[in-house]
Amino acid sequence: MNESMTQNTQEQVPLLPNMSARVYPVNDPKQEKGCILANASVDLGGCFAVTGIKIVEGKDGPFVAMPQRMGRDKKYRDVCFPTTAAMREAINTVVMDAYRGELEQQAVRAAQAVERLSGRNAEKPSVRQALQDAAREAAARSSPAADRTMDQRAR
């Protein structure tokens with residue numbers, strides 16, 4: 001009897017495929033509720049891909065919305081969707097983790113760009129500053145013609 005219970009329990013636990021997600025953030029999301037933050041696609045076990053997934057800003061924070069199509073009744077219906085709660089949770093986790101990772105990468109790239117730009121300003125003086133420095137150097141050293149005239153007067 002224990003063997004049959006073990007088999008029933010094992011059959012009820014769905015095997016989830018290995019999943020990976022790619023996220024494409026929207027460049028300039030509006031600051032409104034319900035706006036699209038990013039588009040995503042999920043690869044299910046290397047055998048099936050789902051595109052058209054959206055990460056949407058809602059009242060309670062961002063959430064994953066499956067691909068939708070408008071029906072004849074002018075209502076949106078999901079084109080494809082997970083049939084179990086475990087699969088829905090797995091897809092949500094993979095997509096949101098990829099989204100957070102992409103946001104972190106964008107933050108790192110932005111910090112590097114700021115660092116590069118601030119380094120450029122420190123390395124390259126302005127043209128005005130370069131001219132002023134050159135004028136000071138020229139005034140500090142005497143010209144060879146002035147040295148010759150001073151030598152001739154001294155003789």
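Each remark here, short or long, concerns the structure printed above.
Figured I'd write up the structure that's included with this text. (Residues numbered from 1 in each chain as written. Predicted model: local features only at pLDDT ≥ 70, side-chain atom pairs only at ≥ 80, totals over all residues. Heavy atoms only, no water.)

To continue, consider the overall build of the protein. What the protein contains, in helices and strands, is four helices and six strands. Carbon and sulfur atoms make up 52% of the accessible area of the protein, which amounts to about 12,700 Å² in all. (Helix = DSSP H or I, 4+ residues; strand = E, 2+ residues; numbered from the N terminus. Areas by Shrake-Rupley, 256 points an atom, 1.4 Å probe, with all protein chains shown as cover.)

Most of the time, phi is negative for any residue but glycine, and the peptide bond is trans. Residues other than glycine seldom take positive phi values, yet Lys-74 does so here, at roughly 65°. Looking at the element boundaries, Lys-74 is found in the loop between β5 (68-70) and β6 (76-78). Residue classification places Lys-74 among the exposed residues on the basis of a relative accessible area of 64%. (Buried < 20%, exposed > 50% of the residue type's maximum accessible area, 1.4 Å probe, protein only.)

The biggest cluster of nonpolar side chains holds 20 residues, and the ones touching the most others in it are Met-19, Val-42, Ile-53, Ile-55, Val-95 and Tyr-99. The biggest single contributor to this core is helix α2 (residues 85-123), with seven residues. Excluding residues within four positions of it along the chain, Ile-53 makes contact with Ala-38, Asn-39, Ala-40, Val-42, Val-64, Ala-65, Met-66 and Pro-67. (Core = buried A, V, L, I, M, F, W, Y, C linked by side-chain atoms within 4.5 Å. Contact = heavy atoms within 4.5 Å.)

This brings us to the pattern of salt bridges. The tally for this structure, following the rule as stated, stands at four salt bridges. In this structure, the salt-bridge partner of Arg-77 is Asp-73, at a minimum N-O distance of 2.6 Å. Owing to a relative accessible area of 47%, Arg-77 belongs among the partly exposed residues under this scheme. With a closest N to O distance of 3.3 Å, Arg-100 and Asp-97 form a salt bridge. Residue Arg-100 and its partner Asp-97 are both found in helix α2; the two are separated by three residues, about one turn of the helix. (Salt bridge = Lys/Arg side-chain N within 4 Å of Asp/Glu carboxyl O.)

Pairing in this open sheet of four strands is antiparallel, and the strands run β1-β2-β3-β4 from one edge to the other. The open sheet has two edge strands with one neighbour each: β1 (19-25) and β4 (61-65). Across the sheet, the mean angle from the axis of one strand to that of its neighbour is 25°, orientation sign disregarded. Sheet analysis places β1 next to strand β2 (residues 36-44), joined by seven bridges and oriented antiparallel. Counterpart to Val-23 in the pairing with β2 is Ala-40. (Pairing = 2+ DSSP bridges. Axes fitted to C-alpha atoms, helices over the stretch in contact; angles between N-to-C directions.)

It is worth spelling out the environment of Leu-103 at this point. Tracing the backbone through its elements, the reader meets Leu-103 in helix α2. A residue is classified by how much of its surface remains accessible, and Leu-103, at 36% relative accessible area, is partly exposed. Separated by 78 residues in the primary sequence, Leu-103 and Pro-25 place their C-alpha atoms 8.3 Å from one another.

On to the side chain of Glu-102. When you line up the elements, Glu-102 lands in helix α2. Since its relative accessible area comes to 18%, Glu-102 is described here as buried. Discounting residues that sit within four places of it in the chain, Glu-102 has contacts with Val-23, Pro-25 and Arg-109.

Residue placement: Ser-41 occurs in strand β2. Looking at Ser-41, the relative accessible area reads 16%, which means it is buried. Leave out the neighbours within four places in its chain, and Ser-41 touches Ser-20, Ala-21, Arg-22, Tyr-24, Val-50 and Thr-51.

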